[in-house]
Amino acid sequence: MSQRWRAVGILAGALFLVNVVARLIIRFGFDADDTAAADRMSLGMFVVIGLVLAAVTFVWARRRPAARWGSDVAAAVGVALALTVLVGPLLVGENPFGGGPGTFFAQIWLYLAATGVGVLLGYLLAVALGLDHRSQTLKRYAETKAAKPRRPVRR
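### Considerations on the packing of helix H1 (residues 2-29) against helix H3 (residues 66-91)
The description of two helices packed together rests on the angle between their axes and the distance between the axes.
Then, in step 1: Running from N to C, H1 and H3 point in directions that differ by 35°, and their axes come no closer than 8 Å. With respect to the hand of their crossing, H1 and H3 are arranged in right-handed fashion.
Then, in step 2: In terms of residue class, the contact of H1 with H3 is made up of 16 nonpolar, four polar and four charged.

### Here's the deal with the pattern of salt bridges
Then, in step 1: By the definition in use, this model includes two salt bridges.
Then, in step 2: Ionic pairing is found between Arg4 and Asp72, a salt bridge with its closest N-O pair at 2.8 Å. Taken together, the residues Arg4 in helix H1 and Asp72 in helix H3 connect sequence positions 68 residues apart.
Then, in step 3: The shortest N-O distance in the salt bridge between Asp72 and Arg64 comes to 2.8 Å.
Then, in step 4: Counted as one network, the salt bridges with shared partners bring together Arg4, Arg64 and Asp72.

### Details of the packing of H3 against helix H4 (residues 101-128)
Then, in step 1: At their nearest, the axes of H3 and H4 sit 11 Å apart, and the two run at 150° to each other. Classed by the angle they form, the pair H3 and H4 counts as roughly antiparallel. Between H3 and H4 the crossing geometry is right-handed. Between H3 and H4, the contacting residues are Trp69, Val73, Val77, Ala80, Leu81, Thr84, Val85 and Leu86 on the first element and Phe104, Gln107, Ile108, Tyr111, Leu112, Thr115, Val119 and Tyr123 on the second.
Then, in step 2: When its residues are assigned to classes, the contact of H3 with H4 shows 13 nonpolar, three polar and no charged.

### Considerations on the nonpolar core
Then, in step 1: In this structure, Leu11, Leu15, Leu53, Val73 and Tyr111 are the most contacted members of the largest nonpolar core, which totals 26 residues.
Then, in step 2: Sorting the residues of this core by element identifies H1, helix H2 (35-63), H3 and H4 as the ones contributing at least two each.
Then, in step 3: Looking at which element gives the most residues to this core, the answer is H2, with eight residues.
Then, in step 4: Dropping the residues within four chain positions of it, Leu53 is found in contact with Leu11, Leu15, Val73, Val77, Thr115, Gly118 and Val119.

### Comments concerning H1
Then, in step 1: Over its 28 residues, H1 extends 39 Å from the first C-alpha to the last, a length consistent with the 40 Å expected when each residue adds 1.5 Å.
Then, in step 2: All of the buried residues along H1 are Val8, Leu11, Ala12, Leu15, Phe16, Asn19, Val20, Ala22 and Arg23.
Then, in step 3: Tucked into the core, H1 has its buried residues touching H2, H3 and H4.

### Focus: the environment of Gly13
Then, in step 1: With respect to the helices and strands, the residue Gly13 is situated in helix H1.
Then, in step 2: Look at Gly13 and you get partly exposed, because its relative accessible area is 34%.
Then, in step 3: For the pair Gly13 and Trp109, spaced 96 residues apart in sequence, the C-alpha separation works out to 20 Å.

### A closer look at the packing of aromatic side chains
Then, in step 1: One pass over the full model with this rule turns up four aromatic pairs.
Then, in step 2: Aromatic pair Trp69 and Tyr123: ring centres 5.3 Å apart, planes at 45°, arrangement tilted. Of this pair, Trp69 sits in helix H3 while Tyr123 sits in helix H4, placing them 54 residues apart in sequence.
Then, in step 3: Overall, Trp69 belongs to the buried group, its relative accessible area being 6%.

### Examining a nonpolar patch on the surface
Then, in step 1: There is a patch of nonpolar side chains on the surface, built from Leu17, Val21, Ile25 and Phe30 and spanning about 320 Å² of accessible area.
Then, in step 2: Along the chain, Leu17 falls in helix H1.

What counts and how
- Residues numbered from 1 in each chain as written.
- Predicted model: local features only at pLDDT ≥ 70, side-chain atom pairs only at ≥ 80, totals over all residues.
- Heavy atoms only, no water.
- Axes fitted to C-alpha atoms, helices over the stretch in contact; angles between N-to-C directions.
- Helix = DSSP H or I, 4+ residues; strand = E, 2+ residues; numbered from the N terminus.
- Left-handed = near helix turned anticlockwise from the far one by under 90°.
- Nonpolar A, V, L, I, M, F, W, Y, C, P; charged D, E, K, R; others polar.
- Salt bridge = Lys/Arg side-chain N within 4 Å of Asp/Glu carboxyl O.
- Parallel < 35°, antiparallel > 145°, perpendicular 65-115°, else oblique.
- Contact = heavy atoms within 4.5 Å.
- Core = buried A, V, L, I, M, F, W, Y, C linked by side-chain atoms within 4.5 Å.
- Buried < 20%, exposed > 50% of the residue type's maximum accessible area, 1.4 Å probe, protein only.
- Expected span 1.5 Å × (residues − 1).
- Phe/Tyr/Trp six-rings, centres within 6.5 Å; stacked < 30°, edge-to-face > 60°.
- Patch = residues over 30% accessible without salt bridge, like charges linked within 9 Å, V, L, I, M, F, W, Y side chains within 5 Å.
- Areas by Shrake-Rupley, 256 points an atom, 1.4 Å probe, with all protein chains shown as cover.

Don't take any of this as a statement about function, it's just geometry.
Below, the structure written as structure tokens:
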């Protein structure tokens, strides 16, 4: 059980680290007035987060049932989202609510959209290739049923 939470914590930390790196690059790499560069960096951050989740979902969907990996991914995304929205701005000297409620909630919706697309892509790729846990279980079941000889019916 502790290994399961360790994996969730590592995933949440990795997602938060992507955000911290993007914020630090925006803060120290570009002028404060260059909003276009900040927007491009934010878009890149969301793409990286989506790709990380797609890869993790693909790997976890192969090994575990959907209910188990789904709850793990949801917990990691929830923790990473809270850290990203509330702690991330503080690390670069900004107020999390400084941009107003529109900016605050836009961050949340964009983060959820990026993570949702990433998880969906990873899972759909695993299912399309027949590598997800359920497909593998059904394949093993079909193989064992086909391997058993048919019992004759006695009259």
